Amino acid sequence: MNRPSSTYAAAGMVAFVILVAALVLVEIRSIRPEWKIYQERGIALMVERLQGEVDQAASSGERRAALRELATTQARRAEIIEIQPFGGKFPPERCLTCHFGIEDISPSHPNTVFGCVICHGGNGPDLTVRGAHMNLRGGRNPAKLDLAAASCGGGETMAGKCHSGREHYLLNRVVNVPRSLMATNAGIVSVLQFQWGLVGDTKPRFGVRSVSDGRTTLRPVDPKLTPDGRFSLADSHFRKFCAACHLWGPRPREGMGRLEGCPACHAPYAEDGKYHGSDPTVKRDEVGHSATHSLTHRIPDERCRACHNRSGRIGLNYHGEMESSQYGTPFVRGGLNDRTISDDRFVWRLVPDIHHEKGMGCIDCHTGQDAMGDGEIHGHMEDQIEIRCEDCHGSASAPPKTLTVRKDDLLVQALLRSTGPAKVNEGDEVLVTSKGRPLVHVRKTPEGLRLTGKLTGKDHPITVITDQKNGHRIKGHERLECDSCHSAWSPQCYGCHQLLDFSHEGFDHLTGKTTPGRWAEGRSYFRFARNILGINSRGRVGLLVPGCQVWNSVVDNTGNVTGGYDSAIMLLKNGLTSIAVGPTHPHTTRTEVPRCVDCHLDPKAIGLGEGRLSRDSATGGWKVEPVYDSAAAGLVINYPLEAVVAPDGKALQSTSHNLSRPFNQEEIGRILAIGPCLPCHDRYDDPVWMREGPYRLAEPCIKAINDARASRRN
């Protein structure tokens, strides 16, 4: 009979204890509420920073100013901070009460004017963590691509239009970026599916996410299965390997990490991947934060290198770094050398691009459309990139094109506001890209063309080659790209040996999940010297590099080879194989150029492979005795990895780019035909090369050749 009474008594006691604990907690929080704890931590961080400024002051005046600010901060007591965004157009916010000391997003986005809610969402007046963060957009990153329209777009809010609905369609970045190649990866997907024999062309069909520009629609990449239910190696490889770099997902890591969405490029990211700013609420021991709470349109090269350090490796090339064979050689003091980049890969230090050497950054050449797109869905990089060497330097026959700055040109005026240190006034002439879009930081002056660096503000004089009497006017060289001669080297990664191992799990970069099957890769060897030439995706003579020469192996969860994939070469629908090359612009530009013989008498340069070039006595044609024996290396092919074409013009390796191909037999013949002329006519400015070919041996030439042969016999 007493049991129910004792139960009620116990329950009542528990309820009483909970009530007392709650009242005590409320009392404690009334004395030291959450906001006060955070703000006191923020004040302490500011004191620490100011003490550092006092210690590092360069002059007595700077030291006195820092000491005054330090004294004021030390005397400060925590208080509620309330702002009126946009002069009271928006409801009041108290976010800075907790986030005391947080950095302004940028000089054009001061926190006290913009507030926090316009970008982050949330409940601005609340002073509790839980209440203030209700309806927060994107957690720590409101600029993810699926949120950017609300956070960065602005639309028709009381604050006005931000990055959508602008006066020119190119400025609608939140619309354009999701359609850009850095977001869709459409080119990577289509090339991979083509090179591995799934489709017969490289039209863009798939992307990281579904997106459309009204003309082209991309579907999401299939989940490793083809429409008929077969496992797709190509799609698996993309999801677990290539898709590590796209704007829909972050790479929260130390060394070449980044955020996702707009901050992938526009936010600073430290080498250790951690926050180093003054916001007291952000964890400082957690990888995956921006270095500070800030954004910039002056994108440093390191942000570009966070992604562009594989494949074409242009981010490394530009700085004169080439990924090595990873042995850590040459050894230094009995150990591995220290020639590494931030993700600990060993590199060779080579000659950098001259533009980097002169202090120019990536964004000094590449436009916003190059990176963020122009609103159209493009299938390949050559379609989206609008900058060309000729846009600044002209060609042998035509100078750079210009545009006159007018106040009513809305695009030019908007670009001038955001470019930074551009020195342009109404009536000035600025250059335009290959698509006719303005380069407002490159202008005509009485002294010639000048480029103002977007990162440094430094003026760089520009050399225009038009009408100069030099090698740019050689007959027969009209089809040459600038970088076919002016590239000092190119990254050549021969033999890409891929392994899909189902005895391990791998991370799917599209779903964010770990599933059975891990990809790994190895190479046959690396080279960088002596470029390979061929026809590029513009139908011009340019550089080719291995890309990629694939052998695939698959092992099951017991470690046994499965599905016939034992170093398997994939068969393409056009009859070629996955042993492939691709056109490149290596970003290793120099004023120094090769000698005539380095192209016209070098079998590797022509695409015939490394080896000894000679006449075949049986056929009278050309032959090459290769240095590298692929068969002996176990590669089951009968040509060296550097050979993209046979002397008879038969293509040995495929390419996934429209118009791109090796030289054909007729072109090889014409290139080699001038070999006998080069011992005498070895200068670019030789009058002989100003005349139309074909070139024939004249009497003086024959005499010189015979005399040379006679002297060798003697």
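For the structure itself, consult the block above.
Residues numbered from 1 in each chain as written. Predicted model: local features only at pLDDT ≥ 70, side-chain atom pairs only at ≥ 80, totals over all residues. Heavy atoms only, no water.

Novice: Please give an account of the overall build of the protein chain that cites residues and values.
Specialist: When its secondary structure is counted, the protein chain shows 27 helices and 17 strands. Seen through its principal axes, the protein chain has C-alpha atoms that stretch 120 × 75 × 60 Å. The proportion of buried residues among the 714 residues of the protein chain is 43%. For the protein chain, long-range pairs separated by at least 24 residues make up 61% of all intrachain contacts whose partners lie at least 6 apart in sequence. Accessible area for the protein chain stands at about 36300 Å²; split by element, carbon and sulfur atoms hold 55% of it. Of the side chains in the protein chain, 87 bear a positive and 81 a negative charge, and the two mean positions are spaced by 0 Å. (Helix = DSSP H or I, 4+ residues; strand = E, 2+ residues; numbered from the N terminus. Buried < 20%, exposed > 50% of the residue type's maximum accessible area, 1.4 Å probe, protein only. Contact = heavy atoms within 4.5 Å. Areas by Shrake-Rupley, 256 points an atom, 1.4 Å probe, with all protein chains shown as cover. Lys, Arg positive; Asp, Glu negative; His and termini not counted. Charge placed at Lys NZ, Arg CZ, Asp CG, Glu CD.)

Novice: An account of the packing of aromatic side chains is needed here, citing residue identities and associated values.
Specialist: All told, the structure shown has eight aromatic pairs when counted by the stated rule. Look at Trp689 and Tyr695: their rings are 5.0 Å apart centre to centre, the planes differ by 85°, and that puts the pair in the edge-to-face class. Here Trp689 falls in the buried class, since its relative accessible area comes to 5%. Relative accessible area serves as the criterion here: at 25%, Tyr695 is assigned to the partly exposed category. Put simply, the rings of Phe86, Phe90 and Phe114 touch in pairs and so form one group of aromatic residues. For the cation-ring pair, Arg615 lies above Trp622, with the distance from its terminal atom to the ring centre recorded as 4.0 Å. (Phe/Tyr/Trp six-rings, centres within 6.5 Å; stacked < 30°, edge-to-face > 60°. Lys NZ or Arg CZ within 6 Å of the ring centre and 35° of its normal.)

Novice: Run through the nonpolar core, naming residues and quoting values.
Specialist: Counting 30 residues, the largest nonpolar core has Ile606, Leu608, Leu641, Phe663 and Ile668 as the members making the most contacts within it. Tallying contributions element by element places strand 14 (residues 541-555) first for this core, with four residues. Leu145, Ala243, Ala264 and Val550 belong to the second largest nonpolar core, which has 22 residues in total. (Core = buried A, V, L, I, M, F, W, Y, C linked by side-chain atoms within 4.5 Å.)

Novice: A description of the side chain of His289 should follow, citing residues and the corresponding values.
Specialist: Relative to the helices and strands, His289 is located in the loop between helix 14 (263-266) and helix 15 (301-305). At 2.7 Å, the side chain of His289 and the side chain of Glu286 are in polar contact. Discounting chain neighbours no more than four positions away, the residues touching His289 are Arg140, Leu259, Tyr269, Gly273, Lys274, Tyr275, Val282 and Lys283. (Polar contact = N/O pair within 3.5 Å; in protein donor to acceptor, adjacent residues only side chain to side chain.)

Novice: Go over the packing of helix 12 (residues 186-195) against helix 13 (residues 233-240), please, and point to the residues and values.
Specialist: How two helices sit against one another is set out by the angle between their axes and by the gap between those axes. For the pair helix 12 and helix 13, the least separation of the axes is 9 Å and the interaxial angle reads 145°. Crossing of helix 12 over helix 13 shows right-handed handedness. Here helix 12 contributes Ile188, Val189, Leu192 and Gln193 to the contact with helix 13, which in turn contributes Ala234, Asp235, His237 and Phe238. Class assignment for the residues of the contact of helix 12 with helix 13 results in five nonpolar, two polar and one charged. (Axes fitted to C-alpha atoms, helices over the stretch in contact; angles between N-to-C directions. Left-handed = near helix turned anticlockwise from the far one by under 90°. Nonpolar A, V, L, I, M, F, W, Y, C, P; charged D, E, K, R; others polar.)

Novice: Describe the sheet that holds strand 10 (residues 459-461), with residues and values.
Specialist: Read from one edge of the open sheet, five strands run 6-7-8-9-10, paired in antiparallel fashion. The sheet is open, and its two edges are formed by strand 6 (402-404) and strand 10, each paired on a single side. The mean inter-strand angle of the sheet, taken between neighbouring strand axes irrespective of direction, is 40°. In this structure, strand 7 (residues 429-432) lies alongside strand 8 (residues 438-445), joined through three bridges in antiparallel fashion. Bridge pairing links Val432 to Pro438 in strand 8. Running over the sheet, helix 22 (residues 410-419) touches strand 6 and strand 8 and is turned about 85° from strand 8. (Pairing = 2+ DSSP bridges.)

Novice: Got a sec to walk through unusual backbone geometry? Specific residues and values, please.
Specialist: Look at the link from Thr329 to Pro330: it is a cis peptide, with omega at 0°. Note that Pro330 resides in the loop between strand 4 (321-323) and strand 5 (347-349). The omega torsion across Gly547 and Cys548 is -20°, close enough to zero to call that bond cis. Relative to the assigned elements, Cys548 resides in strand 14. One non-glycine residue, Arg313, adopts positive backbone phi at about 60°. Of note, Arg313 is situated in the loop between helix 15 and helix 16 (314-317). Owing to a relative accessible area of 5%, Arg313 belongs among the buried residues under this scheme. Positive phi, close to 50°, is recorded for Ser567, a residue that is not glycine. Here Ser567 lies in the loop between strand 14 and strand 15 (579-584).

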